[in-house]
Amino acid sequence: MEAKKNVVLVTGASKSLGKAIAEHFAESGDQVILGYRSSLEEAAQAVEEIKAKTGNEAVSFVKLDVIDRQQVQDAVKEIIGQFGRIDVLVNNAGVSYGGALIPSNPLEKWEEIVQINVMGTINCIHAVSFHMLLEQKGAIVNIASVAGLIGVDRLSAYSASKAGVVGLTRSLGKEYAPYNVRVNAVAPGYTEDTGMVDRIPEDQMNNFRKRIAMGRLGTAKEVAEAVSFLASDKASYITGQTLVVDGGFM
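Residues numbered from 1 in each chain as written. Predicted model: local features only at pLDDT ≥ 70, side-chain atom pairs only at ≥ 80, totals over all residues. Heavy atoms only, no water.

If you check an unreviewed UniProt entry, the protein appears there as 3-ketoacyl-ACP reductase from Brevibacillus borstelensis AK1. Per UniProt, the protein carries the Sequence similarities (unreviewed entry) text "Belongs to the short-chain dehydrogenases/reductases (SDR) family." (UniProt positions renumbered as here; feature names shortened; annotations may be inferred.)

> Tell me about the overall build of the protein, and please be specific about residues and values.
When helices and strands are tallied, the protein shows eight helices and seven strands. Relative to the compact-globule value of 18 Å for 250 residues, the protein shows a C-alpha radius of gyration of 17 Å, a close match. With the principal axes as the frame, the protein shows a C-alpha extent of 55 × 40 × 35 Å. Long-range contacts, defined as pairs at least 24 residues apart, comprise 73% of the intrachain contacts of the protein with a sequence gap of at least 6. Looking at the protein as shown, the accessible area adds up to about 12,300 Å², and 52% of this sits on carbon and sulfur atoms. Averaging the coordinates of the 25 positive side-chain charges in the protein and doing the same for the 29 negative ones gives two points 4 Å apart. (Helix = DSSP H or I, 4+ residues; strand = E, 2+ residues; numbered from the N terminus. Rg over C-alpha atoms; globule rule 2.2 N^0.38 Å. Contact = heavy atoms within 4.5 Å. Areas by Shrake-Rupley, 256 points an atom, 1.4 Å probe, with all protein chains shown as cover. Lys, Arg positive; Asp, Glu negative; His and termini not counted. Charge placed at Lys NZ, Arg CZ, Asp CG, Glu CD.)

> Which residues make up the packing of helix 4 (residues 108-135) against helix 6 (residues 156-176), and what values go with them?
Put simply, helix 4 and helix 6 touch, their axes get as near as 8 Å, and they point 20° apart. Between helix 4 and helix 6, the angle falls in the class roughly parallel. For the element pair helix 4 and helix 6, the recorded crossing hand is right-handed. Residues Trp110, Ile113, Val114, Asn117, Val118, Thr121, Ile122, Ile125, Ser129 and Leu133 of helix 4 form the contact with helix 6, whose own contacting residues are Ser156, Ala157, Tyr158, Ser161, Lys162, Val165, Leu168, Leu172 and Tyr176. The class makeup of the residues in the contact of helix 4 with helix 6 is 13 nonpolar, five polar and one charged. (Axes fitted to C-alpha atoms, helices over the stretch in contact; angles between N-to-C directions. Parallel < 35°, antiparallel > 145°, perpendicular 65-115°, else oblique. Left-handed = near helix turned anticlockwise from the far one by under 90°. Nonpolar A, V, L, I, M, F, W, Y, C, P; charged D, E, K, R; others polar.)

> Tell me what's going on with helix 3 (residues 69-83), and back it up with residues and numbers.
Counted at 1.5 Å a residue, the expected span for helix 3 with its 15 residues is 21 Å, and the 21 Å between its end C-alpha atoms agrees. Summarising the contacts, the buried residues of helix 3 are in contact with strand 1 (7-10), strand 2 (31-36), strand 3 (59-63) and helix 4. Within two residues after helix 3, glycine 84 carries a phi angle of roughly 85°, on the positive side. (Expected span 1.5 Å × (residues − 1).)

> Tell me about the packing of aromatic side chains, and name the residues and values.
Following the criterion strictly, the structure yields two aromatic pairs and no others. Between the NZ or CZ atom of lysine 109 and the centre of the ring of tyrosine 97, over which it lies, the distance is 4.5 Å. (Phe/Tyr/Trp six-rings, centres within 6.5 Å; stacked < 30°, edge-to-face > 60°. Lys NZ or Arg CZ within 6 Å of the ring centre and 35° of its normal.)

> Please provide a residue-by-residue account of the nonpolar core, values included.
Ranked by internal contacts, the top residues of the largest apolar core, which has 30 residues, are Leu9, Leu64, Ile86, Leu89 and Ile140. Every element with two or more residues in this core is listed here: strand 1, helix 3, helix 4, helix 6 and strand 6 (181-188). A total of eight residues in this core trace back to one element, the largest contributor, which is helix 4. Ignoring any residue separated from it by four or fewer positions in sequence, one finds leucine 64 in contact with Leu9, Thr11, Gly35, Tyr36, Arg37, Gln71, Val72, Ala75 and Cys124. Of all hydrophobic cores here, the second largest spans 28 residues; its members include Ala13, Phe25, Ala26 and Ala226. (Core = buried A, V, L, I, M, F, W, Y, C linked by side-chain atoms within 4.5 Å. Buried < 20%, exposed > 50% of the residue type's maximum accessible area, 1.4 Å probe, protein only.)

> Go over the pairing of strand 4 (residues 88-91), please, and point to the residues and values.
Burial of strand 4 is two-sided: the residues Val88 and Val90 facing one way and the residues Leu89 and Asn91 facing the other way are all buried. Looking at chain direction, strand 1 and strand 4 are connected through three bridges and run parallel. Residue pairing for strand 4: leucine 9 is matched across the bridge by leucine 89. Between strand 4 and its parallel partner strand 5 (residues 138-143), the chain crosses via helix 4, and the hand of that crossover is right-handed. (Pairing = 2+ DSSP bridges. Right-handed = clockwise from strand over helix to strand, strands pointing away.)

Written as structure tokens, this is what we have:
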């Protein structure tokens, strides 16, 4: 049997953007593992759909709640035990809740956003990097957001968390460079097929469209293409960077 190109772990991959990213790697013939938080049924369905669409049977899933450090460690050990390595880690798992940061709104949701989006990313990198640094080979791609670069009103906690991901990417790009492990990020703008725009009123969405230089929303596949590029040898001299995929919105 022909060896797969890379072993790729994508977190939060049972739906939306994560699923599109996993599918793109599967199309390239990689061994792809979808990390999921809660719904086994949803993850299994995503795997079967990706297999059917790409013809790549080397697609599987693993339970991986990014804020559960022990579960992250166990999932990584399971993958290493089965495939011997992890070549690419895509930190896609994330959440967002709308609302202003004012005294009348409780802080619990904001704490959850920071825990999942920032500490969840750190937990996964901490577990996977041990093996990459020993092998002196690997690529990590974090999913940030334009919200972390420009700030979005009523998304203050989300914007702060994604700004944290950008800063983490810059620092780790320097820390891991001597070991030939690259760390980059992709910052999507307003993107279809991801649930990102579902909660935005149509009149507000029309105003956003007018601000996008290309005059349309992005697609999950276009974001996945950027992730794939940064994970590939074509980006072998790129690290610590955040690639904005927003159609000229910024």
